[in-house]
Amino acid sequence: MAENDNNLKKKALLKAYIASFGNVTQSCKAVNLSRETFYRWRREDKDFDKDIKNAEPGERLLRK
């Protein structure tokens, strides 16, 4: 897979991750990538990892 293709898929994965409120499985399914690829990209690409960390949802529900 060409580097440019990976960059496009990373951008699409990031958008899907945001849209799914941080659900990795749903994000990967939306862009037809494996969870293994998601975590490998996080390990190998510091910029992608930073983007994912910045996109992680905060606390959505507070329990009493």
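Residues numbered from 1 in each chain as written. Predicted model: local features only at pLDDT ≥ 70, side-chain atom pairs only at ≥ 80, totals over all residues. Heavy atoms only, no water.

This part covers the nonpolar core. Burial of nonpolar side chains together is a common tendency in soluble globular proteins. Counting residues in hydrophobic clusters, the biggest one holds 13 residues, and the most contacted among them are L13, Y17, F38, F48 and I52. Contributing elements (two or more residues each) for this core: α1 (3-19), α2 (24-30), α3 (35-44) and α4 (46-55). Sorting elements by how many residues they give to this core places α1 first, with four residues. Y17 has contacts with G22, N23, V24, S27, F38, I52, A55 and E56, leaving out every residue within four places of it along the chain. (Core = buried A, V, L, I, M, F, W, Y, C linked by side-chain atoms within 4.5 Å. Buried < 20%, exposed > 50% of the residue type's maximum accessible area, 1.4 Å probe, protein only. Helix = DSSP H or I, 4+ residues; strand = E, 2+ residues; numbered from the N terminus. Contact = heavy atoms within 4.5 Å.)

A separate point is α3. Helical geometry note: an α-helix holds 3.6 residues per turn, so side chains three or four residues apart project in the same direction. Every buried residue of α3 is accounted for by T37, F38, W41 and R42. On an axial view of α3, the arc spanned by its buried residues comes to 135°, and they lie on one face. For α3, exposure combined with an orientation more than 90 degrees from the buried face picks out E36, R43 and E44. Against the buried residues of α3 lie α1, α2 and α4. (Arc of directions from axis to C-beta.)

Mean pLDDT over the protein works out to 90, with 89% of the residues at or above the 70 mark. Mean pLDDT per element in the protein: α1 is the minimum at 94, and α3 is the maximum at 98. (pLDDT = per-residue confidence, 0-100.)

Attention now moves to the pattern of salt bridges. Scanning the model with the defined rule gives five salt bridges in all. Where E56 meets R42, a salt bridge forms, and the shortest distance between an N and an O atom there is 3.7 Å. Separated by 14 residues along the polypeptide, E56 in the segment after α4 and R42 in helix α3 bring together distant segments of the chain. The class of E56 is partly exposed, set by a relative accessible area of 39%. One salt-bridge network, held together by shared partners, links R42, D49, K53 and E56. (Salt bridge = Lys/Arg side-chain N within 4 Å of Asp/Glu carboxyl O.)

Here we come to the packing of α1 against α4. Between two packed helices, both the angle of their axes relative to each other and the distance between the axes serve to describe the pair. Following both chains from N to C, one finds α1 and α4 inclined at 15°, their axes separated by 10 Å at the closest point. In this view, α1 runs roughly parallel relative to α4, as classed from their interaxial angle. You can see that α1 and α4 cross each other, and the crossing is right-handed. Each of K10, L13, L14, Y17 and I18 in α1 lies in contact with α4, whose residues at this interface are F48, D51, I52 and A55. Here the residues of the contact of α1 with α4 sort into seven nonpolar, no polar and two charged. (Axes fitted to C-alpha atoms, helices over the stretch in contact; angles between N-to-C directions. Parallel < 35°, antiparallel > 145°, perpendicular 65-115°, else oblique. Left-handed = near helix turned anticlockwise from the far one by under 90°. Nonpolar A, V, L, I, M, F, W, Y, C, P; charged D, E, K, R; others polar.)

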